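The primary structure of each chain is shown beneath.
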Amino acid sequence: MNQLKVAILGSGNIGTDLLIKVTRSPYLQCNVFIGRNLASPGIMKARSLNVQTSADGIAYIVQHPACCEIVFDATSATAHQEHAPILKTLNKFVIDLTPAKIGILCVPVVNITDCLKQMNINMITCGGQAAVPIAHALAMTHHEIDYIETISNIASRSAGRATRLNIDEYIHTTEAALKSFTGAKITKAILNLNPAQPCIHMQTTVFAKVKNPQIEKLRHAVGAIAEQIQRYVPGYAIIVPPMIENDRIVVMVRVKGLGDYLPEYAGNLDIINCAALALAEAYAKTKLHPPQKEKAHEICFAQ
Amino acid sequence: MKSVLLSDPTLRDGNHAVSHLLTTEQIAAYCQAIDQTGMPIVEIGHGNGLGASSLQLGLSKTADFTALKVARDHLKKSKLGVHVIPGFATIEKNLKPAIDLGIDVVRVASHCSEADITEQHIKYARTAGKIVYGVLMMSHMVSPAVLVEEAIKMQSYGAEGIIFMDSAGHYLPEDITKRVTMLVQSLSISVGFHAHNNLGMAIANSIAAVAAGANMLDGCARGFGAGAGNAQLEVLVGVLKRMGYETGIDFYKLLDAADLAESAIIKEMPTISSASIVSGLSGVFSGFMKPVLRISKEFNVDSRDVFFELGKRKIVAGQEDIIIEVAHNLAKRNQTDIK
């Protein structure tokens, strides 16, 4: 079957995990995996998978513009600022996994259709992918949200150098996403790194303040959206269903990863990469003509 | 004579003890009193520092900006300091506005093993010309060797001193001696220590720190701080004086400031409650005290079980949401046991 060619920029934890996911996709083919250091663990992994590698960064795509139609950017927010205009000139479909927030903010379960009309799509943050669907369920069941906050707790081992250097951008981008998807008056994001061994699974909590909490309605909405997310992030689970504690709404989710590059605890890598993959596959299908007739939402969330 | 540089986080760590509800009047009154004593550094803010006002940790009654402005107006001689934890505070939203407002000292903190998230913030504050210290919290959770490695990272980013915190009040004096000795040997900058009193060791541990070569200490009026409280500042200064250390503090005026804190700020005198002992032994962050007690009551579970479970899961400062999950699971388990 025909596959759409993709390039992955960035050979850190995110890029390498994404590579493994792409190699499984029936719709995508990773044509080149690009880092900066040929001896990095990510590049080594790509070689072991017989994927072509380069240490030339964005210059590789500039010199070989036919190498791909989709570019995943898994470098850093600062680097993506530089990459975005170049990739625009080259007319690539760009899926940005850094918190650079240049393009439309994307959470597949909420707005994949809008995102497919754009050429630069931002995948927000791992915490954003986990929390925005809950926030969306809250917005669907409540007229006005006064305040919404999300806390993500991730294993230290799963946070690479770029994640750590971009910790401020992580917060700003997650807060901006909560605001744009819900219209909440005030939003706040917090990130905790926990070094415990064995590593902790990624967990995300959403707290909110609303005028008249509709907990039963919210439980249904959260349950329904979680089921939809599980189609592209199998390890997404609600561990504390919506309840009121100390005058605040609380919902907690845990994300168990697929264990592709880092072990299962790294749900943070998994959720943002599964979301990016779902988007890339949906785009690929629009380009490749789907092999058989499928319903719209199945196109979006097929594995 | 050997001298010790004191920092007073009464109006920062003490905020934990009143669920972050310190008022502008209280901040003004204490700043005025402590400024008279010659206290070198006074720290202000939410218990978890700039940008930490949240549903996760408790909303501040007095916004960061307001609190800092009031403190700035009342501190003439003492330097005004802030605590900054990347992951809560960002440069753009919190640190830059505080620097623009005229703070003097920035203490950039991370969990003891995560120093590399402080790089941007330390460099930014240094470039802005501020005095910058690196703070390693919950330091009992790593080996002395790892603590040294993380301290060296902060030094390389530009920190002018490293303060390690006994955030859970878990240490004994011999633990302090070992860590300070290694830090002093490995660093070219000052070493400081911040004590908590869960096991009654705050003063003893602080003394062990200076004896081993630390030259910065934290203390709070009447020990006003998270959980069982901190090293009691006026006791600390008295003991240091008796041991022959120079602090530059006017002792009578310090006693007056502590009396004022007791009458105007402290609702409940810090005490080593049963829960504090469990918290210290289980190695859980002292700031968890109030939320653990409240949530345990709501879910009808034993707060001691909650503390030990949090300790077992090696939960760090900032992960207060996990208290709800732990209490929720314990309540479910109890229900199953009854059935």
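Up top is the structure these notes are about.
Analysis parameters
Position numbers for residues count from 1 along each chain, tracking the sequence in the order it is written. As they are written, the chains are lettered A onward and the ligands numbered 1 onward, keeping that order. Given that the model is predicted, a residue must reach a pLDDT of at least 70 before its local features are reported, and side-chain atom pairs must reach 80 or more before they are shown or counted; all residues, however, enter totals for whole chains, interfaces and linings. Every helix listed is a DSSP run of H or I at least four residues long, and every strand listed is a run of E at least two residues long, numbered separately from the N terminus. Each radius of gyration reported is based on C-alpha atoms, and the globular scaling rule is 2.2 Å times the count of residues to the power 0.38. The burial criterion counts other C-beta atoms lying within 10 Å of a residue's C-beta, which is placed from the backbone; the residue is buried at 20 or more, exposed at 12 or fewer, and partly exposed between these limits. It is the C-beta atoms, placed from the backbone, that decide contacts: two residues are in contact if theirs lie within 7 Å. Note on geometry: axes are C-alpha line fits, over the in-contact stretch for helices, and angles between N-to-C directions span 0 to 180 degrees. Definitions for this section: a left-handed crossing has its near helix turned counterclockwise from the far helix by less than a right angle. A right-handed crossing has that turn clockwise. One bridge is not enough; two strands pair if DSSP finds at least two bridges between them. Convention used here: a crossover is right-handed provided that the path from the first strand, over the helix, to the second strand proceeds clockwise when the strands point away from the viewer.

Asks: Which residues make up the overall build of chain B, and what values go with them?
Replies: Helix and strand counts for chain B come out as 14 helices and eight strands. Here chain B has a C-alpha radius of gyration of 19 Å; the compact-globule value for 339 residues is 20 Å, and the two agree. Along the first, second and third principal axes, the C-alpha set of chain B runs to 65 × 45 × 45 Å. Burial analysis of chain B (339 residues in total) assigns 59% to the buried set. A sequence separation of at least 24 residues applies to 79% of the contacts in chain B between residues at least 6 apart.

Asks: Any chance you could break down the overall build of chain A for me, citing the residues and the numbers?
Replies: Of the regular secondary structure elements, chain A holds 11 helices and 12 strands. What you see for chain A is a C-alpha radius of gyration of 19 Å, in line with the 19 Å of a compact globule of 303 residues. With respect to the three principal axes, the spread of C-alpha positions in chain A is 55 × 45 × 30 Å. Per-residue burial over chain A gives 57% buried out of 303 residues.

Asks: Can you explain the interface of chain B and chain A? Please cite residues and give values.
Replies: Each side of the interface is counted separately: chain B has 28 residues, and chain A has 27 residues. Going through the elements one at a time, helix H4 (91–101), helix H5 (119–127), helix H12 (289–299) and helix H14 (321–338) of chain B are the ones with two or more residues in the side of chain B that touches chain A.

Asks: How would you summarise the packing of helix H5 (residues 108–115) of chain A against helix H10 (residues 267–288) of chain A if you had to cite specific residues and measurements?
Replies: Residue and element names in this part refer to chain A. Packing of H5 against H10 brings their axes to within 11 Å, and their N-to-C directions diverge by 35°. Crossing hand, H5 versus H10: right-handed. From H5, Pro108, Ile112 and Cys115 reach across to H10, where they touch Ala275, Ala278, Leu279 and Ala282.

Asks: Lay out the pairing of strand E5 (residues 131–137) of chain B with the relevant residues and their values.
Replies: Residues and elements named next belong to chain B. Across the seven residues of E5, six count as buried, placing the element largely inside the fold. Bridge count between E5 and strand E6 (residues 161–165): three bridges; the pairing is parallel. Of the residues in E6, the one forming a bridge with Val135 is Ile163. The handedness of the E5 to E6 crossover, carried by helix H6 (residues 144–157), is right-handed.

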